[in-house]
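# Structural description and commentary
Each chain, letter by letter, is given below.
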Amino acid sequence: QVQLAESGGGLVQPGGSLRLSCTASGSIFSINTGAWYRQAPGAQREWVPSIASVGSTNYADSVKGRFALSRDAAKNTVYLQMNSLKPEDTAVYSCNLEIQGSVSGRKRAYWGQGTQVTVSS
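Residues numbered from 1 in each chain as written. Predicted model: local features only at pLDDT ≥ 70, side-chain atom pairs only at ≥ 80, totals over all residues. Heavy atoms only, no water.

Turning our attention to the environment of G8. By the element assignment, G8 lies in the loop between β1 (3-7) and β2 (10-12). Residue classification places G8 among the partly exposed positions, given a relative accessible area of 30%. Remark: the alpha-carbon pair of G8 and Q116, spanning 108 residues in sequence, is separated by 8.7 Å. Leave out the neighbours within four places in its chain, and G8 touches L18, R19 and L20. (Helix = DSSP H or I, 4+ residues; strand = E, 2+ residues; numbered from the N terminus. Buried < 20%, exposed > 50% of the residue type's maximum accessible area, 1.4 Å probe, protein only. Contact = heavy atoms within 4.5 Å.)

The following block contains the structure:
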């Protein structure tokens, strides 16, 4: 019933900026929480850190002062503004939203398919 659509990824030079979007559609009553995760390519081990959450200032040390999470409740969208990007930020970024269904009233988590962010000269 609920689907997430991510956008905003791409290729950017070091020091550049990108704004990722994650929009939910379907039978939605509310988005209770939201977060962004990333997985670096070619990693030896799985690494999917939580870097930001809706309604929270809990940012990973590696992105503090550079990344910011925001939301537009009217559009059922959460954003990740990324500034001063570094090559080590290169990863697939995925959003995870906890959504309360408008029909069932129950909460569950939904994952986006991910969007590629590449920071390179």
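Still more ground to cover, so stick around.
Further remarks concern the sheet that holds strand β6 (residues 67-72). Judged by pairing direction, the sheet is antiparallel, and its four strands sit side by side in the order β1-β3-β7-β6 without closing on themselves. Each end of this open sheet is capped by a strand with a single partner; those strands are β1 and β6. The mean angle between the axes of side-by-side strands here comes to 15°, regardless of whether they run parallel or antiparallel. (Pairing = 2+ DSSP bridges. Axes fitted to C-alpha atoms, helices over the stretch in contact; angles between N-to-C directions.)

Pairs may arise between side chains of opposite charge once their charged atoms sit close together. On inspection of all chains with the given rule, the structure shows two salt bridges. Among the ionic pairs, R66 bridges to D89, the shortest N-O distance being 2.7 Å. Residue R66 is found in the loop between β5 (50-53) and β6, and its partner D89 is found in the loop between β7 (77-82) and β8 (91-101); the two are separated by 23 residues along the sequence. Under the relative-accessibility criterion, R66 is labelled buried at 10%. The class for D89 is buried, based on a relative accessible area of 1%. A single network of salt bridges, built from pairs that share partners, joins R38, R66 and D89. (Salt bridge = Lys/Arg side-chain N within 4 Å of Asp/Glu carboxyl O.)

Take the side chain of E6 next. As for its position among the elements, E6 is in strand β1. Within the local environment of E6, its side chain forms a polar contact with the backbone nitrogen of G114, the two atoms lying 2.4 Å apart. Dropping the residues within four chain positions of it, E6 is found in contact with S21, C22, W36, Y93, S94, C95, G112, Q113, G114 and T115. (Polar contact = N/O pair within 3.5 Å; in protein donor to acceptor, adjacent residues only side chain to side chain.)

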